[in-house]
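Chain by chain, the residues run as shown.
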Amino acid sequence: MADQYAYSGDDKRPTEIPAIRWEEPPEGPVLVLLDQTRLPAEEVELVCTDAPALVEAIRSLAVRGAPLLGIAGAYGVALAAVRGFDVDEAAAALASARPTAVNLAVGVRRAQAAHEAALAKGGDVRQAAAAALAAARQLHREDAEASGRMAEHGLALLDELLPGGGHRILTHCNTGSLVSGGEGTAFAVALAAHRVGRLRRLWVDETRPLLQGARLTAYEAARSGMAYTLLTDNAAGSLFAAGEVDAVLIGADRITADGSVANKVGSYPLAVLARYHRVPFIVVAPVTTVDLDTADGASIEVEQRPGHEVTEVVAPQVPVAGAEAGGGIPVAPLGTQAYNPAFDVTPPELVTAIVTEEGAVSPVTAEALAEVCGRSRRVASG
């Protein structure tokens, strides 16, 4: 189980607690996570001492977001190796913790491969564990660097599509530093626009049912001093109709070989609205999110979340009369069935561009995506 340590932030602006970090206290190495389920009410850290604790944190969304899940998966393998647990068993459990986000399995495989390679070369268990940890740390660094390059490419694309600045950007879910080793994916582009004075307004979808936009993106926007406004997901249509959206920027959990994009549920309706209103719909994600082994959107396994996330509202830090602190407040009749997919899939013909650290792909085609992935591999091997 993960131990919890509260970080006191009373009467202070939000602190720069990293979303994930590796620590080595005297009692043994641990992986420390900022518990995203507790934001923005309080900043609480989870300390994971083994892979099962990390799997629990992943499934509960204490740690989330495609790039960060990849980093967490790699560190989880390293944690199992360093602490002497079964590495293959830990890798299997971690890789299957959330099926839609491809980065998780990529990160796990990378650290596992480093561990296996060290053993194959005659290294002992300590050397193999060190190799797994080195692979995780390298992935962490690479993701931070990729975040910066995506921000540059994304801002350049925005300026090309929308000359003159004053960008009004609509975003969905959370794609900032809470999902990345750096400043994020789509949010990092908006932040770059803000820093150079070209962001007029960040429209933040609340992102039902778990409110990652309201709880997390608004939290990051406020911390960064950005001009932002929160809206319910079903208000986006009226915002488009009023001409208040210049571009939509979202992240991705998996991009298939044909350019289909799986992202937080609610992304596909935004793509449809954007197409109707002739607004650019831009996906920002690292190359590690592109899964050339999955042919198309129909081949993506979409994670189904528990129905109580829809039939109940959870406000863990707000005591409510008649409800236990941390419990769900019913908003539907007892026994109501709920449809609760975690993601939806946007077809490539609705995507204006996919921005990666290697540049923007537009129009989105299988050939262009394969070329970007090939370019990334050549850079990595060089």
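### Structural notes on helix H3 (residues 87-95)
Residues of H3 that are buried include every one of Val-87, Ala-90, Ala-91 and Leu-94, and no others. Buried positions in H3, seen along its axis, are confined to an arc of 100° and lie on one side of it. Close packing links the buried residues of H3 with helix H1 (51-59), helix H2 (66-82) and helix H4 (102-120). By the N-cap criterion, in which a side-chain oxygen at the helix start approaches the backbone nitrogen of a residue two or three places on, H3 is capped by Asp-86, the distance to Asp-88 being 3.1 Å.

### Brief notes about the packing of H2 against H4
Close contact between H2 and H4 brings their axes to 7 Å; oriented N to C, the two are set at 30°. Taken together, the axes of H2 and H4 are roughly parallel relative to one another. Along this stretch, H2 crosses H4, giving a crossing that reads as right-handed. Contacts between H2 and H4 involve Ala-66, Pro-67, Leu-69, Gly-70, Gly-73, Ala-74, Val-77 and Ala-81 from the former and Asn-103, Leu-104, Gly-107, Val-108, Ala-111, Gln-112 and His-115 from the latter.

### Overview of the confidence of the model for the chain
In this model, the chain carries a mean pLDDT of 91, and residues with pLDDT of at least 70 account for 91%. Considering only residues more than four positions removed or in separate chains, one finds that residues 1-15, a stretch of pLDDT under 50, has 30 contacts. Below a pLDDT of 50 lies the segment residues 318-326, which in the model reaches 4 contacts outside its immediate sequence neighbourhood of four places, other chains included.

### Concerning the packing of H1 against H3
With their axes 9 Å apart at the nearest point, H1 and H3 run at an angle of 5° to one another. Taken together, the axes of H1 and H3 are roughly parallel relative to one another. Facing Ala-51, Leu-54, Val-55 and Ile-58 of H1, the residues of H3 in contact are Ala-90, Ala-93 and Leu-94. When grouped by side-chain class, the residues that make up the contact of H1 with H3 number 7 nonpolar, no polar and no charged.

### Digging into helix H9 (residues 267-276)
Here H9 has its buried residues at Ser-267, Leu-270, Ala-271 and Ala-274. Burial along H9 is one-sided: seen end-on, the buried residues are contained in an arc of 105°. Phi for Arg-278, located one or two positions after H9, is positive at around 55°.

### Describing the packing of aromatic side chains
Within this structure, the stated rule accounts for 1 aromatic pair. The ring centre of Phe-343 lies 4.9 Å from the NZ or CZ of Lys-264, which sits over that ring.

### Notes on the pattern of salt bridges
Pairing is possible between side chains of opposite charge, provided their charged atoms come close. Here the structure, examined in full by the defined rule, presents 15 salt bridges. Its salt-bridge partner being Glu-206, residue Arg-208 comes within 2.6 Å of it at the nearest N-O pair. Taking the relative accessible area as the measure of exposure, Glu-206 reaches 9% and is therefore buried. When the shortest N-O distance is used, the salt bridge between Arg-223 and Glu-220 registers 3.6 Å. Taken together, the residues span about one helical turn, with Arg-223 and Glu-220 both in helix H7 (residues 212-223) at a distance of 3 residues.

### Concerning the sheet that holds strand S5 (residues 167-171)
Across the sheet, 7 strands lie side by side as S7-S6-S5-S8-S11-S16-S17; this open sheet has mixed pairing. Edge positions in the sheet fall to strand S7 (228-231) and strand S17 (359-361), since each has one partner strand and no second. Here the average twist between neighbouring strands, direction ignored, is 25°. Alignment of strand S16 (residues 353-356) against S17, held across 3 bridges, turns out to be antiparallel. Bridging across to S17, Ile-354 finds its partner in Val-361. The strands that helix H5 (residues 125-161) touches are S5, strand S8 (247-250), strand S11 (281-284), S16 and S17; relative to S16, the one it contacts most, it runs at about 145°. Relative to strand S6 (residues 199-205), helix H6 (residues 186-195) is tilted by about 155°, and along the sheet it contacts S5, S6, S8 and S11.

Cut-offs and rules
Here, residues in each chain are numbered from 1, in the same order as that chain's written sequence. For this predicted model, a pLDDT threshold of at least 70 governs which residues receive local features, and a threshold of 80 or more governs which side-chain atom pairs are given and counted, while totals over whole chains, interfaces and linings are taken from all residues. Side-chain measures were taken over the full set of non-hydrogen atoms in the model, leaving aside hydrogen atoms and water. Burial here depends on accessible area, computed with a 1.4 Å probe over protein chains only, as a share of the maximum for the residue type. Under 20% is buried, over 50% is exposed, and the range in between is partly exposed. Numbering goes from the N terminus for both helices and strands, where a helix is a DSSP run of H or I of at least four residues and a strand is a run of E of at least two. Each direction from the helix axis to a C-beta atom contributes to the arc, which is the arc of those directions. Contacts were defined at the residue level, with two residues in contact if any of their heavy atoms lie within 4.5 Å. In protein, a polar contact requires one atom able to donate a hydrogen and another able to accept it; more generally it is a pair of N or O atoms within 3.5 Å, and residues adjacent in sequence count only if both atoms are side-chain atoms. Only the stretch in contact is used when fitting a helix axis, every axis being a line fitted to C-alpha atoms; angles between N-to-C directions are given from 0 to 180 degrees. With respect to orientation, any angle under 35 degrees is reported as roughly parallel, any angle over 145 as roughly antiparallel, any angle of 65 to 115 as roughly perpendicular, and every other angle as oblique. In this scheme the handedness of a crossing depends on how the near helix is turned from the far one: anticlockwise by less than a right angle means left-handed, clockwise means right-handed. pLDDT expresses how confident the predictor is about each individual residue, on a scale running from 0 to 100. The nonpolar class holds Ala, Val, Leu, Ile, Met, Phe, Trp, Tyr, Cys and Pro. Asp, Glu, Lys and Arg form the charged class, and all remaining residues, Gly among them, are polar. Any two of the Phe, Tyr and Trp rings considered here, Trp counted by its six-membered ring, make a pair once their centres fall within 6.5 Å; the pair's planes then place it as stacked at under 30 degrees, edge-to-face at over 60, or tilted in between. Working rule: Lys NZ or Arg CZ, within 6 Å of ring centre, within 35 degrees of ring normal, means a charge sits over the ring. Salt bridge, as used here, is a side-chain nitrogen of Lys or Arg placed within 4 Å of a carboxyl oxygen of Asp or Glu. A strand pair is defined by DSSP finding two or more bridges across the two strands.

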